[in-house]
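Topology and contacts: notes
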Amino acid sequence: FPVTIREMPADTGAYFDKLRTEFQAGGGEIDVIGGDVIWPIQFAAQGWVQDLTENFPASEQNKFLPAHIQACTYEGAIYAVPWFEDAGVLYSRTDLLEKAGYSAPPKTWDELKEMALKISQDEGIPNGFVFQGKNYEGGVCDALEYIRTHGGDVLSNVTSGKVIIDSPEATAGLETYHSMITDGVAPKAVANYDETTSVPVFGNGEAVFLREWPGTYGDIAGGAYKIKADQVTVSPIPVASGNESSSTLGGWTFMINAQSDLQDEAWEFVKFMSSYESFKFRAVNGGYISARKAILDAPAVQEAIPTVKLAKDVLLEYATSRPVTQYYGDMSLEMQEQFNNALTGDTSPQQAVETLQKSLSSIMQQAE
Ligand code: GLC
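Right, let's walk through the structure included here. Model, not experiment: these values are computed from the prediction. (Residues numbered from 1 in each chain as written. Predicted model: local features only at pLDDT ≥ 70, side-chain atom pairs only at ≥ 80, totals over all residues. Heavy atoms only, no water.)

In this section: the sheet that holds strand E6 (residues 127-130). Sheet architecture is open: four strands sit in the order E6-E9-E5-E10, paired in mixed fashion. Looking at strand neighbours, the two that pair on one side only are E6 and strand E10 (232-235), the edges of this open sheet. Across the sheet, the mean angle separating the axes of adjacent strands is 15 degrees when strand polarity is ignored. Bridging between strand E5 (residues 89-93) and strand E9 (residues 207-212) involves four bridges; their strand directions are antiparallel. Bridge pairing in E9 links Tyr91 to Leu210. Each of E5, E6 and E9 is contacted by helix H6 (residues 109-123), which is oriented at about 140 degrees to E9, the strand it contacts most. Each of E5 and E10 is contacted by helix H15 (residues 307-318), which is oriented at about 20 degrees to E10, the strand it contacts most. (Pairing = 2+ DSSP bridges. Helix = DSSP H or I, 4+ residues; strand = E, 2+ residues; numbered from the N terminus. Axes fitted to C-alpha atoms, helices over the stretch in contact; angles between N-to-C directions. Contact = heavy atoms within 4.5 Å.)

Let's shift gears to the site of the ligand. In the vicinity of the ligand lie 13 residues, with Asp36, Asp86, Glu195, Gly251 and Arg322 positioned nearest. One nitrogen or oxygen atom from the main chain of Gly251 is found 2.8 Å from an oxygen atom belonging to the ligand. Contact distances for the ligand include 3.0 Å between an oxygen atom and a side-chain N or O atom of Trp252. In the complex, 92% of the free accessible area of the ligand, which totals 310 Å², lies under the protein chains. (Near = heavy atom within 4 Å. Polar contact = N/O pair within 3.5 Å; in protein donor to acceptor, adjacent residues only side chain to side chain. Areas by Shrake-Rupley, 256 points an atom, 1.4 Å probe, with all protein chains shown as cover.)

Now for the layout of surface pockets. The calculated volume of the second largest pocket comes to roughly 500 Å³. In terms of lining residues, the second largest pocket is bounded by 26 residues, among which Phe16, Arg20, Gln42, Gly329 and Asp330 are the most central. Listed by contribution, the elements that provide at least two residues to the lining of the second largest pocket are helix H1 (12-24), helix H2 (40-46) and helix H16 (328-344). Looking at the lining of the second largest pocket, its residues break down into ten nonpolar, eleven polar and five charged. (1 Å grid on protein atoms, 1.4 Å probe; cavity = no way out; pocket = protein on both sides within 12 Å on 5 of 7 lines; lining within 4 Å. Points joined across faces, edges and corners; volume = space filled by probe spheres on them. Nonpolar A, V, L, I, M, F, W, Y, C, P; charged D, E, K, R; others polar.)

Let us now look at helix H9 (residues 195-203). Turning to H9, its buried residues are Ser198, Val199, Val201, Phe202 and Gly203. In this fold, the buried residues of H9 make contact with E5, E6, E9, helix H10 (215-221) and E10. Of the residues one or two after H9, Gly205 is the one with positive phi, at around 80 degrees. (Buried < 20%, exposed > 50% of the residue type's maximum accessible area, 1.4 Å probe, protein only.)

On to empty space enclosed by the protein. Evaluation of the coordinates by the stated rule reveals two cavities of 30 Å³ or more. The computed volume of the largest cavity comes to approximately 110 Å³. Contributing to the lining of the largest cavity are Val37, Ile38, Ile41, Ala71, Leu249, Ser321, Arg322, Pro323, Val324, Thr325 and Tyr328. Here the residues of the lining of the largest cavity sort into eight nonpolar, two polar and one charged. Quantified by volume, the second largest cavity comes out at close to 30 Å³. Every residue lining the second largest cavity is listed: Trp83, Phe84, Phe279, Arg282, Ala283, Tyr288 and Ser290. Grouping the constituent residues of the lining of the second largest cavity by class yields five nonpolar, one polar and one charged.

Honestly, that's just the spatial picture; any functional story needs more than this.
Below, the structure written as structure tokens:
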């Protein structure tokens, strides 16, 4: 049967808004949705997507990463099939690090700052570090890594629990975030950067470090940019001394519109797209981090894309979900705004976490 692909906005928030409008108007023409890992629970709670438990039983779910399965599960049923994984990683210009006498990528935020400033000055490179600081979903992903690598968090338990963001640790995380700009490590423009604007800066050789997702390595290796794969490595997100690394878990999933008349065909398509062979093709040719555990370990994949192994280690050891609740969409809008304000300095880190403590708590109270 023929499948028509519809191109949706690259910004996950804009894509979400578009889908929501269509679902609220009755579901439209959509059968299968390739959607962000933060959506299945929200969509399931609205009744917009199909319960897939019969076709996708626990024995199949076991072949995928547990944190991703958790994000697809709502009230004991599963509503999405994991597609690929994202986890925040640090990209470094290994050639420049070596030249400057550094033998490894930075492990702490202080080391990153020192290296970024020294190398950008010595080499006349305009930026030390670029990332996604804009007021949008990606800004939440980035800021959470600062909060968590300083020992803070949003909820006491990722699927439920109390809001705990008003803490000295979370405040310190946002202080480090803001200091990237005030210390001259990152350009002021990072407060408006998303993936599509930050990656080319690094890709064109205009930054020493980039925080991004693993798939970008595949684009670099594929020749999309001026810099080449042998000039780049990926490593875990740096920490504030004494803390564990943390990478925001991203990724994409397949869901089926509950209103679709083509339930069987839709499932056939999802089955094909999420098969071992399809995932392997995307891993080898696109550098995507497959949601199937077996592919992450396949030698053919690790050979084709050397960072798969590094990204996999980051994923398995440090990836942490954004709050896994049906209220995440509302929580995210609050965080997007406050994290962006803290980055630019419009709001102090202390004020930002105090504001969030109140607004997120009132959103989570709906759950009680
Ligand atoms: C990536 C991640 C997704 C995240 C988005 C933010 O696409 O896979 O989970 O929400 O970036 O921009």
